[in-house]
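# Report on the structure
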Amino acid sequence: MTAKLSSRISAARAALTKSNQSYTRAYPGESPRRQPVHTVYGGAQLFKAETARKMGQVALATFREYAPNARTLAGCLDLPQQGGFAQLVYERVVAKLEREPVEDFRIDFEDGYGNRPDAEEDGHAVSTAEQVARGMAEGTLPPFIGIRIKSLSEELFERSARTLELFVTTLLERTGGKLPENFVVTLPKVVSPEQVTALVRMLEVLEQDRGLPAGTLKLELMVETPQSLFDAQGRLALPTLVAASEGRCVGAHLGVYDYTASLNVTAAYQSMTHPACDFARHVMQVSLAGTGVALSDGATNVMPVAPHKKEGPRALPAAKQKENREGVHRAWRLAYEHTRHSLSLGYYQGWDLHPAQLPVRYAAVYAFFLEGMDAASRRLKSFIEKAAQATLLGDVFDDAATGQGLLNSFLRGIACGAITEEEAQATGLSLEELRSRSFLKILEGRRKAGAP
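The present account deals with the structure reproduced in this document.

This part covers the layout of surface pockets. Here the idea is plain: a probe the size of a water molecule rolls over the atoms and shows the empty space left. Space inside the second largest pocket adds up to approximately 350 Å³. In terms of lining residues, the second largest pocket is bounded by 18 residues, among which Glu65, Tyr66, Ala306, His308 and Asn324 are the most central. Mapped by element, the contributors of at least two residues to the lining of the second largest pocket are α3 (51-66) and α12 (318-344). Of the residues assigned to the lining of the second largest pocket, the class counts are nine nonpolar, five polar and four charged.

Structure (structure tokens):
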């Protein structure tokens with residue numbers, strides 16, 4: 001640009017710089033931090049420090065009973081068996097259930113808990129915090145954990161605030177001021193930014209009172225009402241709700257059944273695949289793409305539970321065993337279809353409500369990542385080579401968001417156990433580069449390595 005032209009558009013250039021900087025702050029791109037593939041919701045009245053481990057034991061026993069081998073799993077879920085694909089999925093599901101059956105758990109004081117006398121909920125707020133503290137000490141907690149409080153409606157505000165205060169205060173007292181890694185507070189049925197602001201103020205007070213650094217306590221928003229998507233003027237609501245969190249919001253979860261109920265969809269038609277849910281998913285994506293806020297889908301509400309229970313030492317009659325197998329497989333197929341639908345739309349996280357759902361969650365996720373691994377490897381390898389070449393030649397490479405998105409596909413697969421680090425090296429990345437979790441750091445490292 002000539003000096004003459006530069007001087008004549010200086011005001012516009014200054015405004016553009018300010019706008020570009022504002023855009024970068026608002027849309028930093030997809031976060032490189034690990035995102036769990038699911039959140040297990042469980043009533044607070046049932047939570048114990050070893051809950052995740054026990055869920056894994058139940059899940060593994062169910063898997064081995066109703067899918068004793070890869071051939072059975074392939075027949076149930078229509079997985080390809082050629083090249084050992086179904087066998088690979090099967091083996092990795094078993095390994096996952098043995099190693100880390102639950103990635104994220106939400107101790108639920110809302111729908112999974114219900115409305116109870118204040119004294120009872122007070123007791124559970126304290127006892128669950130004590131169990132989390134014990135789980136921290138014994139190393140039995142999943143890598144992500146949190147609580148879901150009741151909504152901040154006029155009727156429930158005091159109860160919700162009291163549960164939050166009791167839980168956090170008790171937990172910090174029992175742990176000497178430490179929180180579990182990746183701890184989050186989930187806010188349900190959000191209808192206004194003022195509800196988010198009220199939660200933020202509560203979290204601030206708790207941090208100040210307990211000596212936590214500002215911003216330590218994170219939150220998630222649940223999309224369960226039309227008002228979570230659009231405000232009274234018809235504007236997108238989610239950006240305003242996230243802004244009201246003042247940097248604390250790390251996720252937005254779709255609540256399928258409350259959301260469809262709020263649209264007057266009758267129970268018979270409330271489903272993960274209802275068109276209204278796809279609309280909500282798309283709006284959530286458009287609203288939050290590039291912000292770093294993780295998206296999560298809802299849950300399949302048909303549980304893979306056998307209709308006939310064994311009584312005494314005698315085996316069930318063959319006919320009842322067959323009905324049990326068919327019932328569990330039918331629920332697994334439905335959950336598999338729902339999970340694959342979510343994955344195809346770019347939702348890499350969902351809810352699980354029962355231990356027997358865990359095997360099919362991992363089977364669906366693993367099949368998804370393994371099926372696309374070769375094509376994704378080639379694409380990421382080509383992308384990194386072109387980006388690195390541009391960097392070495394001194395050019396500006398400004399498509400880092402796409403590079404991070406491609407890298408995140410492998411990071412997701414590695415984190416959940418779908419693919420190994422060695423398999424991911426087919427991208428041409430070293431283990432050190434993969435573990436950096438940052439596309440920009442990879443380019444910077446290669447630039448330094450290629451510098452004269």
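Turning our eyes to something else, we now look at the packing of helix α4 (residues 70-77) against α12. Between α4 and α12, whose axes approach to 9 Å, the crossing angle comes to 65 degrees. If you check the angle between α4 and α12, you find them roughly perpendicular. Within the contact between the two elements, α4 uses Thr72, Cys76 and Leu77 and α12 uses His329, Trp332, Arg333 and Tyr336. Residue composition of the contact of α4 with α12, grouped by class: four nonpolar, two polar and one charged.

Val89, Ile107, Leu164 and Leu199 are the most contacted members of the largest nonpolar core, which totals 114 residues. With residues near it in sequence (within four places) discarded, leucine 199 still touches Ile149, Leu152, Leu164, Val185, Leu187 and Leu219.

This paragraph deals with empty space enclosed by the protein. Throughout the structure, instances matching the rule amount to two cavities of 30 Å³ or more. Lining of the largest cavity is provided by 15 residues; of these, Thr300, Thr339, Trp351, Asp352 and Arg361 occupy positions nearest its centre. Those elements that provide at least two residues to the lining of the largest cavity are α12, β8 (350-352) and α13 (358-371). Along the lines of polarity and charge, the residues of the lining of the largest cavity split into five nonpolar, seven polar and three charged. Approximately 40 Å³ is the volume attributed to the second largest cavity. If you go around the second largest cavity, the residues you meet are Gln35, Pro36, Val37, Leu343, Tyr348, Val365, Phe369 and Arg412. Grouping the constituent residues of the lining of the second largest cavity by class yields six nonpolar, one polar and one charged.

Of all six residues in strand β6 (residues 249-254), five are buried, a share of seventy percent or more. As paired strands, strand β5 (residues 218-223) and β6 are joined by five bridges and run parallel to one another. By the bridge assignment for β6, valine 223 is matched with leucine 254. Running through helix α9 (residues 238-244), the crossover from β5 to the neighbouring parallel element β6 is right-handed. In terms of strand pairing, β6 meets strand β7 (residues 294-296) through three bridges, oriented parallel.

On to the side chain of serine 377, then. Considering the arrangement of structural elements, one finds serine 377 in helix α14 (residues 373-392). In this structure serine 377 touches Phe410, Ala426 and Thr427, once residues within four positions along its chain are discounted.

Taken as a whole and judged by the stated rule, the model has twelve aromatic pairs. Ring geometry for phenylalanine 47 and phenylalanine 105: centres 5.3 Å apart, planes at 40 degrees, overall tilted. In this pair, phenylalanine 47 is assigned in the loop between β1 (38-43) and α3 and phenylalanine 105 in strand β2 (residues 104-108), connecting sequence segments 58 residues apart. Within the aromatic cluster, the residues linked to one another by ring pairs are Phe63, Tyr90 and Trp332. The ring of tyrosine 113 has arginine 116 lying over it, and the distance from NZ or CZ to the ring centre is 4.4 Å.

Before going further, it helps to spend a moment on the packing of α12 against α13. Running from amino to carboxyl end, α12 crosses α13 at an angle of 40 degrees, the nearest separation of the two axes being 9 Å. Classified by the angle their axes make, α12 and α13 are oblique. In this structure, α12 meets α13 at a crossing whose hand is right-handed. Of α13, the residues touching α12 (which contributes Trp332, Ala335, Tyr336, Thr339, Arg340, Leu343 and Ser344) are Pro359, Val360, Arg361, Ala363, Ala364, Val365, Ala367, Phe368 and Glu371. Class assignment for the residues of the contact of α12 with α13 results in eleven nonpolar, two polar and three charged.

In total, this model carries 36 salt bridges according to the counting rule given. Salt-bridge contacts for glutamate 220 lead to arginine 106; the nearest nitrogen and oxygen are separated by 3.1 Å. You can see glutamate 220 sitting in strand β5 and its partner arginine 106 sitting in strand β2, a full 114 residues away along the chain. As far as burial versus exposure is concerned, glutamate 220 and arginine 106 are alike and both buried. Between glutamate 110 and arginine 148 there is a salt bridge, with the nearest N and O atoms lying 3.4 Å from each other. Of this pair, glutamate 110 sits in the loop between β2 and α6 (118-138) while arginine 148 sits in strand β3 (residues 144-148), and the two are 38 residues apart along the sequence. Classification of glutamate 110 as buried rests on a relative accessible area of 7%. Residue arginine 148 is classed as buried on the basis of its relative accessible area, which comes to 3%.

It is worth spelling out the side chain of aspartate 122 at this point. As for its placement among the helices and strands, aspartate 122 is situated in helix α6. Those residues in contact with aspartate 122 that lie beyond four places of it in its chain are Arg159, Arg162 and Leu166.

This structure, assessed with the given rule, holds zero disulfides. Lacking any disulfide linkage, cysteine 249 is separated from the closest cysteine sulfur, that of cysteine 277, by 20 Å. Judged by relative accessible area, cysteine 249 falls into the buried class, the value being 9%. Looking at cysteine 416, it has no disulfide partner, and the nearest cysteine sulfur is the one in cysteine 76, 20 Å off.

Calculation rules
- Residues numbered from 1 in each chain as written.
- Predicted model: local features only at pLDDT ≥ 70, side-chain atom pairs only at ≥ 80, totals over all residues.
- Heavy atoms only, no water.
- 1 Å grid on protein atoms, 1.4 Å probe; cavity = no way out; pocket = protein on both sides within 12 Å on 5 of 7 lines; lining within 4 Å.
- Points joined across faces, edges and corners; volume = space filled by probe spheres on them.
- Helix = DSSP H or I, 4+ residues; strand = E, 2+ residues; numbered from the N terminus.
- Nonpolar A, V, L, I, M, F, W, Y, C, P; charged D, E, K, R; others polar.
- Axes fitted to C-alpha atoms, helices over the stretch in contact; angles between N-to-C directions.
- Parallel < 35°, antiparallel > 145°, perpendicular 65-115°, else oblique.
- Contact = heavy atoms within 4.5 Å.
- Core = buried A, V, L, I, M, F, W, Y, C linked by side-chain atoms within 4.5 Å.
- Buried < 20%, exposed > 50% of the residue type's maximum accessible area, 1.4 Å probe, protein only.
- Pairing = 2+ DSSP bridges.
- Right-handed = clockwise from strand over helix to strand, strands pointing away.
- Phe/Tyr/Trp six-rings, centres within 6.5 Å; stacked < 30°, edge-to-face > 60°.
- Lys NZ or Arg CZ within 6 Å of the ring centre and 35° of its normal.
- Left-handed = near helix turned anticlockwise from the far one by under 90°.
- Salt bridge = Lys/Arg side-chain N within 4 Å of Asp/Glu carboxyl O.
- Disulfide = S-S within 2.5 Å.

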